[in-house]
Amino acid sequence: MAEQIPFSIAENLLTKLTSIASEEINLVYGFKNDLRKLQTTLSTIKAILVDADKKQEESLAVKDWIRRLKEVVYDADDLLDDVATEGLRRKVEGQGRMVRKVCDFFSSSNQIAFRFKMSHRIKDIRERLDEVAKEMSDFGFIIRKEVGVDMRIKSSWRETDSFVLKSEIIGRDKDKEEIIKSLMCPVNQSNISVAAIVGFGGLGKTALAQLVFNDEKVVNYFDLKLWVCVSEESNVEMLVKLILKSATSKEVPNLSLEQLQIELRQCLEGKKYLLVLDDVWNINNMIWSQLRKYLMVGATGSRILVTTRSTRVALAMGVDCPYALAGLTEDQSWDLFEMLAFREGTSRVNSNLIEIGKEIAKKCKGVPLAIRAIGGIMQLRSSESEWLSILENELWKVFESDSDIGPVLKLSYDDLPYHLKQCFAYCAMFPKDYEFGKEDLIQLWMAQGYVQSRSQSKDESLEEIGEGYFNELLFRSFFHKEKYCYKMHDLINDLAQSMAGESCFVLDDNTKHVPNRIQHVFSGNLSFEECFKQLKNRGLRTLYCEYYGDKLSLNLDSIFSHCRSIRALSFLRCRINKLPDSIGKLKHLRYLELFGNDEIRSLPNSICNLYNLQTLILEDCLRFEVLPTDMRKLICQTTYYWGLL
């Protein structure tokens, strides 16, 4: 498992350091110099994080270095949050009054005591961060640009071709006919149109395009067929060369773009052609617009068929209705698995192996590449115990080490910019098949500091920026839409788990041990409190509880005492009838959800001490009667109260 790079948190820290040093003059008096040094060191480290992320895949030492960096960065985040929160508290409670000043001086939170306490914490964090920074030279890190939507670090490129064995493709006849129908359908006022097959890696987009490309009806309908596997780093000149090579079956000499486009237009002019652009990632509209000009010389009825993992790519290329490729049915999955795992048929196979095989095929959730990977491995295993071990314990480990499904899915992850990587990995907190809402997830991201303004425009809210993040992941097929919610495919969930490492964890009825460095927890079981005892002093930042049974008895005082760093707290349908006053001590809290707690009638006034609270959800709390009198203290600009009845 990889260590998640704390890119968004580091950015957030640098923003806080700048803000606190300039605004909270009284609070940081005496250690502003330490904060400046902390800022300088962190800026230096942030510059090499992209390279560190690359090198951790091959170096356990680098992975351990990232782990220690994460620990000090999150501690620094808590520290600066304490300073900022103290500033908010003093602002809210009207420190300007003389009586208040006297009270503050003799209280435990007066400026002298606060600065004394902070000075020790800042010194400790600065020393730890300096120690981490000194080790950078040992690994030879270099400064790389952060991966962006259109600016990607090249990863291993999987070249494809147009050939396919029809006998090895199962369950795609209907899909093939739908695509062929769209390609051969007359289009008015245009001699070229684009169709697209969209889906995440492993669904069989390329195989389907190959079936279409080689179908007899397609062969007879088009004068010329061309197949191009598109590189991530494609440009107009490269694409023109690849199309020419496919058209002529010859190597293309090094010519200027002017000469290349003349040859391409001569090759296509007056011909009704089909051009397949397989595995398109680039959504640069300028590249596509320029290439399209050269392709317009074909006869009416010419078509371009694109395969891509991103709906955004399809839309950018002018596709009105991309064909969203679904997974295979259970019967189709078994047919494919049976063909691969039992090459000589099942007539002489142990019936127990067949039953185990059907369960394995079902676990693959209709993803052909996953079925092929496991089916190919099972050919080499003949004993019932080996098959059971795959079914019960080793399935996803096999994906990671012995097959292509892991790298193929990880390609989509590697293509993400870092702010989206952290948002996606956070979703590993959800169990498989969990249904989540867009707005809820965006608010959770905001609570963790993952949503950052990257422009000078003040017109765009954090919610709008977060919605952009969400839509980008949706376009790239990391999420898929259900009727009223969103979900992740099981294999995408596994990818998230792999990328999040030990930071995200799902507690269930079988949980006996909780990882040491857990940060985000989902729980929906009765044994929650027993497991929670293991979380003491572990820097928990999200606690997400959802319960559908009878009333769940929780010792919330005990839970809150272990959650002092928590940013997001959710109790969905847990039937809590009262929140204790101790919730007011969770000063880092940004997100509080009590959805469906139909026994709760009010909130303690101590909740008004949560100056950082951004989101308060009281939807479907049917008996809720009144808000605390001091709600005016909640001055965070993004605070929302949802579903009050």
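The present account deals with the structure reproduced in this document. Keep in mind it's a predicted model, so treat the numbers as computed, not measured.

1. Topic: the packing of helix α15 (residues 330-341) against helix α17 (residues 368-378)
Two quantities define a packed helix pair, namely the angle between the helix axes and the distance between the axes.
Part 1 of the argument: Here α15 crosses α17 at 30 degrees, and the two axes come no closer than 8 Å. By the criterion of interaxial angle, the relationship of α15 to α17 is roughly parallel. Helix-helix and strand crossings are classified by hand; for α15 and α17 the assignment is right-handed. Residues S333, L336, F337, L340 and A341 of α15 pack against P368, I371, R372, I374, G375, G376 and M378 of α17.
Part 2 of the argument: Here the contact of α15 with α17 is built from residues that sort into eight nonpolar, three polar and one charged.

2. Points about the packing of aromatic side chains
Part 1 of the argument: In total, this model carries 23 aromatic pairs according to the counting rule given.
Part 2 of the argument: Taking the centre distance of 5.4 Å and the plane angle of 25 degrees together, the rings of F342 and W387 count as stacked. Highlighted residues: F342 in the loop between α15 and α16 (351-363) and W387 in helix α18 (residues 384-402), separated in sequence by 45 residues. Here F342 and W387 have matching classes, each one buried.
Part 3 of the argument: Taking 6.5 Å as the distance between ring centres and 75 degrees as the angle between the ring planes, the aromatic pair formed by F436 and F470 counts as edge-to-face. A residue pair is termed long-range when its members are at least 10 positions apart, and F436 in the loop between α20 (418-426) and α21 (438-448) and F470 in helix α22 (residues 462-475) qualify at 34 residues. Like F436, the residue F470 is buried in the burial classification.

3. Quick look at the pattern of salt bridges
Part 1 of the argument: Tallying each qualifying case throughout the model produces 31 salt bridges.
Part 2 of the argument: Residues R67 and E71 are paired through a salt bridge, measuring 3.0 Å at the closest nitrogen-oxygen approach. Note that R67 and E71 are positioned in helix α4 (residues 60-92) at a spacing of four residues, about one turn of the helix.
Part 3 of the argument: A salt bridge links K176 to D215, with the shortest nitrogen-to-oxygen separation between them at 3.1 Å. Of the two residues, K176 is situated in helix α8 (residues 173-184) and D215 in the loop between α9 (205-214) and α10 (216-221); the sequence distance between them amounts to 39 residues.
Part 4 of the argument: Classification of K176 by relative accessible area gives buried; the value is 14%.
Part 5 of the argument: Its relative accessible area of 7% is what places D215 among the buried residues.
Part 6 of the argument: Within this structure, D77, D78, D81, R541, R567 and R590 form a network of salt bridges that share partners.

4. Here we look at the packing of α20 against α22
Part 1 of the argument: Contact pair α20 / α22: the axes reach a minimum separation of 10 Å and the direction vectors enclose 80 degrees. Between α20 and α22, the crossing angle belongs to the class labelled roughly perpendicular. The residues of α22 that touch α20, namely those facing H419, L420, C423 and F424, are Y469, E472 and L473.

5. A few points about the pairing of strand β2 (residues 224-229)
Part 1 of the argument: Among the six residues in β2, five count as buried, and that is most of the element.
Part 2 of the argument: Of the strand pairs in this sheet, β2 and strand β3 (residues 273-280) are connected by six bridges, and their pairing is parallel. Across the sheet, the residue bridging to C229 is D278, located in β3.

6. Some words on the pairing of strand β11 (residues 568-572)
Part 1 of the argument: With respect to burial, β11 is a largely interior element, five of its five residues being buried.
Part 2 of the argument: Pairing between strand β10 (residues 542-546) and β11: five bridges, direction parallel. Each bridged residue has a counterpart across the sheet, and for T542 the counterpart in β11 is A568.
Part 3 of the argument: In this structure, β11 lies alongside strand β12 (residues 591-593), joined through three bridges in parallel fashion. Residue pairing across strands places S570 opposite E593, the latter belonging to β12.

7. Considerations on the environment of I125
Part 1 of the argument: Residue placement: I125 occurs in helix α6 (residues 111-134).
Part 2 of the argument: It is 8.4 Å that separates the C-alpha atoms of I125 and L38, two residues lying 87 residues apart in sequence.
Part 3 of the argument: Non-local contacts of I125, meaning those with residues more than four positions away in its chain, are made with L38, V72, D75, A76 and L79.

8. Overview of α4
Part 1 of the argument: The terminal C-alpha atoms of α4, which comprises 33 residues, lie 47 Å apart, in line with the 48 Å expected from a rise of 1.5 Å per residue.
Part 2 of the argument: The backbone nitrogen of A61 has a side-chain oxygen 3.4 Å away, supplied by the residue at the start of α4, namely S59.

9. Quick look at the sheet that holds strand β4 (residues 302-308)
Part 1 of the argument: The strand order across the open sheet built from five strands is β2-β3-β4-β1-β5, with neighbouring strands paired in parallel fashion. Strand pairing shows two members of the sheet lacking a second neighbour, β2 and β5 (323-324), which therefore form its edges.
Part 2 of the argument: Judged from the two bridges that link them, strand β1 (residues 192-198) and β5 form a sheet pairing that is parallel. Bridging across to β5, I197 finds its partner in Y323.
Part 3 of the argument: Taken strand by strand, helix α13 (residues 285-295) contacts β1, β3 and β4, and its axis lies near 130 degrees from that of β1.

Reading guide: rules and limits
Residues numbered from 1 in each chain as written. Predicted model: local features only at pLDDT ≥ 70, side-chain atom pairs only at ≥ 80, totals over all residues. Heavy atoms only, no water. Axes fitted to C-alpha atoms, helices over the stretch in contact; angles between N-to-C directions. Helix = DSSP H or I, 4+ residues; strand = E, 2+ residues; numbered from the N terminus. Parallel < 35°, antiparallel > 145°, perpendicular 65-115°, else oblique. Left-handed = near helix turned anticlockwise from the far one by under 90°. Contact = heavy atoms within 4.5 Å. Nonpolar A, V, L, I, M, F, W, Y, C, P; charged D, E, K, R; others polar. Phe/Tyr/Trp six-rings, centres within 6.5 Å; stacked < 30°, edge-to-face > 60°. Buried < 20%, exposed > 50% of the residue type's maximum accessible area, 1.4 Å probe, protein only. Salt bridge = Lys/Arg side-chain N within 4 Å of Asp/Glu carboxyl O. Pairing = 2+ DSSP bridges. Expected span 1.5 Å × (residues − 1). Polar contact = N/O pair within 3.5 Å; in protein donor to acceptor, adjacent residues only side chain to side chain.

Any functional reading would require information that these geometric values do not contain.
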